[in-house]
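Descriptive analysis of the structure
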Amino acid sequence: MTTKQNKWWQSAVLYQIYPRSFQDTTGNGVGDLRGIINRLDYLEKLGITAIWLSPVYKSPNDDNGYDISDYEDIMDEFGTMADMDELIAEAKKRDIRIIMDLVVNHTSDEHAWFIEAKKGKDNPYRDFYVWRDPVNGEAPNDLESTFSGSAWEYDETSGQYYLHLFSKKQPDLNWENETVRQKVNDMMNSWLEKGVGGFRMDVIDLIGKIPDEKITGNGPKLHEYLKEMNQATFGNYDVMTVGETWGATPEIAKMYSNPEREELSMVFQFEHVGLDEQPGKQKWDLRPLVMSELKQVLSKWQTSLGDEGWNSLFWNNHDLPRIVSRWGNDQEYRVESAKAFAILLHLMKGTPYIYQGEEIGMTNCPITSIEEVEDIESVNMYNDRLSKGYSKEEIIHSINTKGRDNARTPMQWDSSNQSGFTKGEPWLHVNPNYQEINVEAALEDKESIFYTYQKLIQLRKDNPLVVWGDFELQETAEEVFAYVREFEGERWLVVVNLSNNEQPFTSQEVMKEVLVQNMPVEDSLIDIKLKPWQSFAVKV
Ligand code: GLC
């Protein structure tokens, strides 16, 4: 049994803001809430429905806000709770909902709960975190942190270790403790009462972990906890929830997002963006992307959920390199390839996410030395791999290809000093290409990437086919990705050349109307040659 839903978030388009890098208004080099408020008109013009706001809570910023020391207060650098209330209200006026980043797998080690917990074994907050005795004088087991090294940190005071699946300043919460779950629910309810549009749930697949058995993702009680949370909090509001669900298969995605199970609205899974990594190794261990695999994985996710689940569509976020540099061509075909990836993704089924700057084709920002890197993941990996004998060149190459700072350089607003991001010194260097690539230039150019995104968002708003239509992959040359969407007798054909070369394409379909394109389309689709990165969607 399944239920067909028709929820606002199924036809929504989200825009992710990484506040630290979006818009500074104070001159301290760090973006802030007021900066976001000032840019809402721009986002309204783009047409998005909701903003996924990366964390803005109080934080010592070991992991740029993903280490929270107070869930009910705002980071000093970003502003005040009054600014936050204003942001929610101003966004609402423009029909934009604010989706909060919910980081509850762990807190900061500077959170009051952890400060208490550290005081000793008898402290009432001790069990809020995961503590274990040493085994043979060493860490309880060889679980590793995502940010390199052991996931266990020794605590001198008590002679025990605590678990941190990320940095040692991000101790994992103990979800088996009922009071922890209760406190998280209370906190979520206070945000819901403020009128937020929902939550993006950071590494939510980890909360059911059993560290003693080295089970981290998809633990046995994960779905029980989510059901409980749904009932106690967001299930009582018309909001969306999206789970960051690493390693989800379509079957697992249905467990999270089948409406009948009353857990989350949708998953955000990474299978397609892992295709250029060596299986079983780390994200830094690269291999070339094979187009047929990309087609196979994306179409599998298009067809396997049916009415029993909902998926997110994305190329980028604050943890991933920029798509135009990664799989596109950020030199000769920057504009064409950025539009090609946009057309390919935005006409699929699912809820699309645009990461700040993607809509103007911002690129990766290569570095030459580790001194230029801010991201804790890259810095730790650098030290770890150096000690394991990798060469500096190799490591810097990995960082330039996959490092998270690529996506975190400041938003490029205009060609003025520091790209209009700040009047001071930015916390992370601005990409030197800002004089060419910036919002002001994009808005002035009718052919810019921005207007392709705007068009694609409008197509989704105007056409239920984009939201609900069936999907069918077409047989094509290896480097061409083509599919048909079909809904209530209407058919759209989407054709994307994902290469720097001309590619053959043929279809017997009769073209009725061009819906979107990145260069002029021929009149007939029989035996045509697609130009490098040529992409279009047509009614047939
Ligand atoms: C998620 C976030 C990432 C963060 C990590 C720990 O993967 O997207 O930025 O470092 O969780 O919170």
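Everything numeric here is computed off the predicted structure, so don't read it as measured data.

Next up on the list: the site of the ligand. Inspection of the region around the ligand gives 13 residues, with Asp63, Asp202, Glu244, His318 and Asp319 positioned closest. At 2.9 Å from an oxygen atom of the ligand is found a side-chain nitrogen or oxygen belonging to Glu244. One of the side-chain N or O atoms of Arg404 is found 3.0 Å from an oxygen atom in the ligand. Taking 300 Å² as the accessible area of the ligand by itself, protein coverage stands at 97%.

On to the nonpolar core. Within the largest apolar cluster, 140 residues are counted, with the highest numbers of intra-cluster contacts made by Tyr15, Leu43, Ile48, Leu53, Met84, Met100 and Leu347. Leaving out residues up to four positions away in the same chain, Ile48 has contacts with Val13, Tyr15, Leu43, Ile96, Ile354 and Ile457. Val484, Leu525, Phe536 and Val538 belong to the second-largest nonpolar core, a separate cluster that totals 14 residues.

Turning our eyes to something else, we now look at the pairing of strand β13 (residues 351-355). Successive residues of a regular strand alternate their side chains across the two faces of the sheet. By the criterion of burial, β13 is predominantly enclosed, with five of the five residues buried. What you see with β13 is no split at all: Thr351, Tyr353 and Tyr355 on one side and Pro352 and Ile354 on the other are buried throughout. Two strands pair when backbone bridges link them, and strand β1 (residues 14-17) and β13 are joined in this way by three bridges, in the parallel orientation. Each residue of the ladder has a partner; that of Gln16, found in β13, is Tyr355.

Relative to strand β8 (residues 160-163), strand β7 (residues 152-155) is paired through four bridges, and the arrangement is antiparallel. Paired with Glu153 across the two strands is Tyr162, which belongs to β8. Following β7, the chain reverses through four residues before pairing antiparallel with β8; Gly159 in that reversal takes a positive phi of roughly 70 degrees.

Bringing the sheet that holds strand β16 (residues 490-497) into the picture now. Taken in spatial order, the five strands make up an open sheet running β14-β15-β16-β20-β18, and their pairing is antiparallel. The sheet is open, and its two edges are formed by β14 (470-473) and β18 (513-517), each paired on a single side. Strand-to-strand twist of the sheet, defined as the mean angle between neighbouring strand axes without regard to direction, takes the value 20 degrees. Strand contacts of helix α8 (residues 291-303): β14 and β15 (480-487), with the helix running at about 160 degrees to β14, the strand carrying the most contacts.

Rules used in this analysis
- Residues numbered from 1 in each chain as written.
- Predicted model: local features only at pLDDT ≥ 70, side-chain atom pairs only at ≥ 80, totals over all residues.
- Heavy atoms only, no water.
- Near = heavy atom within 4 Å.
- Polar contact = N/O pair within 3.5 Å; in protein donor to acceptor, adjacent residues only side chain to side chain.
- Areas by Shrake-Rupley, 256 points an atom, 1.4 Å probe, with all protein chains shown as cover.
- Core = buried A, V, L, I, M, F, W, Y, C linked by side-chain atoms within 4.5 Å.
- Buried < 20%, exposed > 50% of the residue type's maximum accessible area, 1.4 Å probe, protein only.
- Contact = heavy atoms within 4.5 Å.
- Helix = DSSP H or I, 4+ residues; strand = E, 2+ residues; numbered from the N terminus.
- Pairing = 2+ DSSP bridges.
- Axes fitted to C-alpha atoms, helices over the stretch in contact; angles between N-to-C directions.

Geometric descriptors of this kind do not, in isolation, establish any biological role.
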